[in-house]
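Observations on the three-dimensional arrangement
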Amino acid sequence: MPSVSAKRKCPDLIFVTPRFDIYKAVSLQIREIFAEHTPIIEPLSLDEAYLDVTLNLKGIASATKIAEDIRTKIRRETKLMASAGVSYNKFLAKLASDHRKPDGLFVITPKMGPAFVETLPVAKFHGVGPATTVKMLRLGIATGLDLRAQTLPFLQQHFGKSGAYYYWIARGVDERPVRADRVRKSIGAENTFSQDLHAFAPMREALEPIIAKIWRHCQATGIRGRTLTLKVKFADFQQITRSKSVDDAIDSLADFERLSLGLLEPLLPPTKGVRLLGISLSSLTQAQATGRRQLSLVLR
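Computed from a predicted model, the values in this text were never measured in an experiment. (Residues numbered from 1 in each chain as written. Predicted model: local features only at pLDDT ≥ 70, side-chain atom pairs only at ≥ 80, totals over all residues. Heavy atoms only, no water.)

**As for the packing of helix α2 (residues 20-35) against helix α3 (residues 63-78)**
Test applied: Axis geometry follows a simple rule: fit a line to the C-alpha atoms, using only the stretch in contact for helices, then measure angles between N-to-C directions, giving values from 0 to 180 degrees. We count a stretch as a helix when DSSP gives it H or I for four or more residues in a row; a strand needs E for two or more, and each element gets its number in order from the N terminus. Helix crossings are classified by the rotation of the near helix relative to the far one: an anticlockwise turn of less than a right angle makes the crossing left-handed, while a clockwise turn makes it right-handed. We call two residues in contact whenever any of their non-hydrogen atoms come within 4.5 Å of each other. Amino acid classes used here: Ala, Val, Leu, Ile, Met, Phe, Trp, Tyr, Cys and Pro are nonpolar; Asp, Glu, Lys and Arg are charged; the rest, including Gly, are polar.
Their axes nearest at 10 Å, the elements α2 and α3 cross at an angle of 145 degrees. Seen along the crossing, α2 lies across α3 with a hand that is right-handed. Facing Val-26, Gln-29, Ile-30, Ile-33 and Phe-34 of α2, the residues of α3 in contact are Ile-70, Lys-73, Ile-74, Glu-77 and Thr-78. Split into classes, the residues belonging to the contact of α2 with α3 amount to six nonpolar, two polar and two charged.

**What to know about the side chain of Ser-282**
Selection rule: Burial classes follow relative accessibility: with a 1.4 Å probe on protein chains only, a residue under 20% of its type's maximum area counts as buried, one over 50% as exposed, and anything between as partly exposed.
Mapped onto the fold, Ser-282 is located in strand β8 (residues 274-286). A residue is classified by how much of its surface remains accessible, and Ser-282, at 18% relative accessible area, is buried. Ser-282 has contacts with Lys-185, Ser-186, Gly-225, Arg-226 and Thr-227, leaving out every residue within four places of it along the chain.

**Things to note about the packing of helix α10 (residues 200-221) against helix α11 (residues 253-264)**
Threshold: Every angle not falling under 35 degrees, over 145, or within 65 to 115 is termed oblique; those three ranges are roughly parallel, roughly antiparallel and roughly perpendicular.
Their axes nearest at 10 Å, the elements α10 and α11 cross at an angle of 140 degrees. If you check the angle between α10 and α11, you find them oblique. Seen along the crossing, α10 lies across α11 with a hand that is right-handed. For the pair formed by α10 and α11, the contact residues are Phe-200, Met-203, Arg-204, Leu-207, Ile-211, Ile-214 and Trp-215 on the first element and Leu-253, Phe-256, Glu-257, Ser-260, Leu-261 and Leu-264 on the second. Partitioning the contact of α10 with α11 into residue classes produces 10 nonpolar, one polar and two charged.

**Considering unusual backbone geometry**
Cis rather than trans, the peptide bond between Lys-101 and Pro-102 has omega equal to -5 degrees. Topologically, Pro-102 is positioned in the loop between α4 (90-99) and β4 (105-107). The omega angle of the peptide bond from Leu-268 to Pro-269 is -10 degrees, so this bond is cis rather than trans. Relative to the assigned elements, Pro-269 resides in the loop between α11 and β8. Positioned with a positive phi, Lys-79 is a non-glycine residue whose angle comes to about 65 degrees. As for its position among the elements, Lys-79 is in the loop between α3 and β3 (84-86). Positioned with a positive phi, Phe-237 is a non-glycine residue whose angle comes to about 75 degrees. Relative to the elements of secondary structure, Phe-237 occurs in the loop between β6 (223-234) and β7 (239-245). Classification of Phe-237 by relative accessible area gives partly exposed; the value is 41%.

See the structure below:
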């Protein structure tokens, strides 16, 4: 829910300023705990990751014991709760991690996998978003068992490339490896405003910290991109995006600012108030000779 909507519904709501520097520092601290057990770590966000512990650094035979040790050390060193899911593939491990939140540990064994999936609502499936859930419900697919009853051609007809993924996860099958070298497709940031914006000057001012945040990440990681996308959400919740691609990766803050404002200017003056602005950078490449160590950390 946008913060402005939350404030309208709850006038006494207290907003707490995010502390992203702290979040990132603690995320790195937890990542170090993960790395004591395995180098195969695939981050999903600041506070979530897949770990492949099949051949772990401590020679522990039980993945459940490893999860227990990691949760204990996170609690001891950071005072934070951590939930863990243990299973034989990524899809089921994700389901298991969500099953006993907060501060829980759940294991889905190979024998449990198919039966566990069939009882779940499709909305609980990782990879099935709100729009896909609505579409599945319209097709009479409400649970994992309903999904398993569909043929592969049927799912491909209605869900395209994702059809095969849905077909197999309904059977508890997910062959995706845990990838420590997972490549990011985009980086971005956005901000929802407490008051709607109606003119260029306040919109430009609002974009400045967003642009600066993304560029700091680019500088820290050596990442550059060729495609810039502006996201605009209006007071009536209509959302539009505008993109521009350039031949060479954007390599200066000045160019980044110029291209961002160039996407905004044709939309002015807006016919209705602007509630949210966001910028994202895609078609990413690694800048040459940055001299920096890149961290496998997903930022939002």
